[in-house]
Amino acid sequence: MEVLQLRDSHLPNAELFWFLNEVQQQLLASETGFTDTKLQPLAEIEQEVRQYLGETPASAQTPEQLQQFKQLIQPYGLMKAEELNILNIRPKNLSELWPLIEQCERRLTEEQQAELVAKITELLPYTEPVPAAEGEADAMEVA
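Numbering of residues starts from 1 in every chain and runs along the sequence as written. Only residues with pLDDT of 70 or above have their local features reported here, since the model is predicted, and side-chain atom pairs are shown and tallied only from 80 upward, although totals for entire chains, interfaces and linings are computed over all residues. Note: side-chain values were computed over all heavy atoms of the structure, leaving out hydrogens and water.

Could you give an account of the overall build of the protein chain, naming the residues involved and the relevant values?
Assigned secondary structure in the protein chain consists of eight helices and zero strands. Going from N to C terminus, the protein chain has its helices and strands arranged as α-α-α-α-α-α-α-α. Remark: exposure states derive from per-residue accessible area (1.4 Å probe, protein chains only) relative to the maximum for the residue type, with buried under 20%, exposed over 50%, and partly exposed in between. Residues classed as buried in the protein chain amount to 28% of the 143 residues present. Areas reported here follow the Shrake-Rupley algorithm with a probe of radius 1.4 Å; residue values treat only the protein chains shown as occluding. About 10,300 Å² of surface is accessible on the protein chain, with carbon and sulfur atoms providing 53% of the total. A helix here means a DSSP run of H or I that spans at least four residues, while a strand means a run of E at least two residues long, and both kinds are numbered starting from the N terminus.

And the structure:
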């Protein structure tokens, strides 16, 4: 991976997730791994970030979806930071979309807002994982 221009663009959570998984696979394939004790904290941080991102919409996104998202979002005239937030958070309704777009009510009509949320949920489907503790508690209540 080579940095072409410093701070030229931002990295979506999905790309970071893919990169960290690739690094983990390379470490597992190598014989040495994180043998240096100075690097052990880095391995722990990477593991925590990978685990966190695995519980977000980023874990379900594909490179093709990211390309389609870039095309889908262009007509709305959003800033790059707004596009990145929408991609990373993947709003499911208008109340989740509004904080992601500065002056959303002024810049987009209600129809455009609803259309955007509908397109996002269609293009980037995601079902939030149910934590094991909650799932077990729900199963006990039903029984």
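Describe the side chain of glutamine 65, with residues and values.
Structurally, glutamine 65 is set in helix α3 (residues 63-73). Assessed through its relative accessible area of 14%, glutamine 65 is described here as buried. Under this definition, polar contacts are N or O atom pairs within 3.5 Å; protein pairs additionally need one hydrogen-donor-capable and one acceptor-capable atom, and for neighbouring residues in sequence, both atoms have to be side-chain atoms. Engagement of the side chain of glutamine 65 in a polar contact is seen with the backbone nitrogen of threonine 62, the distance being 2.9 Å. If we skip the residues at most four places from it in the chain, glutamine 65 touches Ala60, Leu123, Leu124 and Pro125. Residues are treated as being in contact if the distance between any of their heavy atoms lies within 4.5 Å.

Let's hear about the side chain of glutamate 82: which residues, and what values?
Note that glutamate 82 resides in helix α4 (residues 80-89). Its relative accessible area of 4% is what places glutamate 82 among the buried residues. At 2.9 Å, the side chain of glutamate 82 and the backbone nitrogen of methionine 79 are in polar contact. Setting aside chain neighbours within four positions, we find glutamate 82 in contact with Leu100, Ile101, Glu102 and Arg107.

Describe helix α2 (residues 40-54), with residues and values.
Helix span, expected: 1.5 Å multiplied by one less than the number of residues in the helix. The terminal C-alpha atoms of α2, which comprises 15 residues, lie 21 Å apart, in line with the 21 Å expected from a rise of 1.5 Å per residue. When α2 is considered as a whole, its buried residues turn out to be Ala43, Glu46, Arg50 and Leu53. Along the axis of α2, the buried residues cluster in a sector spanning 95 degrees; they form a single face. Looking at α2, the residues exposed on the side facing more than 90 degrees away from the buried face are Ile45, Glu48 and Tyr52. Among the structural elements, α1 (13-29) are those in contact with the buried residues of α2. Here, the arc refers to the directions that run from the helix axis to the C-beta atoms.

So what's going on with the packing of α3 against α4? Residues and values would help.
To obtain an axis, a line is fitted to C-alpha atoms, over the contacting stretch when the element is a helix, and the angle between two such axes runs from 0 to 180 degrees between their N-to-C directions. Between α3 and α4, whose axes approach to 11 Å, the crossing angle comes to 135 degrees. On the basis of their axis angle, the class for α3 and α4 is oblique. Helix-helix and strand crossings are classified by hand; for α3 and α4 the assignment is right-handed. Contact with α3, carried on its side by Leu66, Phe69 and Ile73, involves Glu83, Ile86 and Leu87 of α4 and no other residues of that element. With respect to orientation, any angle under 35 degrees is reported as roughly parallel, any angle over 145 as roughly antiparallel, any angle of 65 to 115 as roughly perpendicular, and every other angle as oblique. A clockwise turn of the near helix away from the far one marks a right-handed crossing, whereas an anticlockwise turn of less than a right angle marks a left-handed crossing.

I'd like a rundown of the pattern of salt bridges, residues and numbers included.
For this document, the term salt bridge refers to a Lys or Arg side-chain nitrogen within 4 Å of an Asp or Glu carboxyl oxygen. This model, assessed by the stated rule, comprises three salt bridges. Glutamate 82 is the partner of arginine 107 in a salt bridge, and the nearest nitrogen-oxygen pair spans 2.7 Å. In this pair, arginine 107 sits in helix α6 (residues 104-107) while glutamate 82 sits in helix α4, placing the two residues 25 residues apart along the sequence. A salt bridge links glutamate 96 to lysine 92; the shortest N-O distance between them is 3.3 Å.

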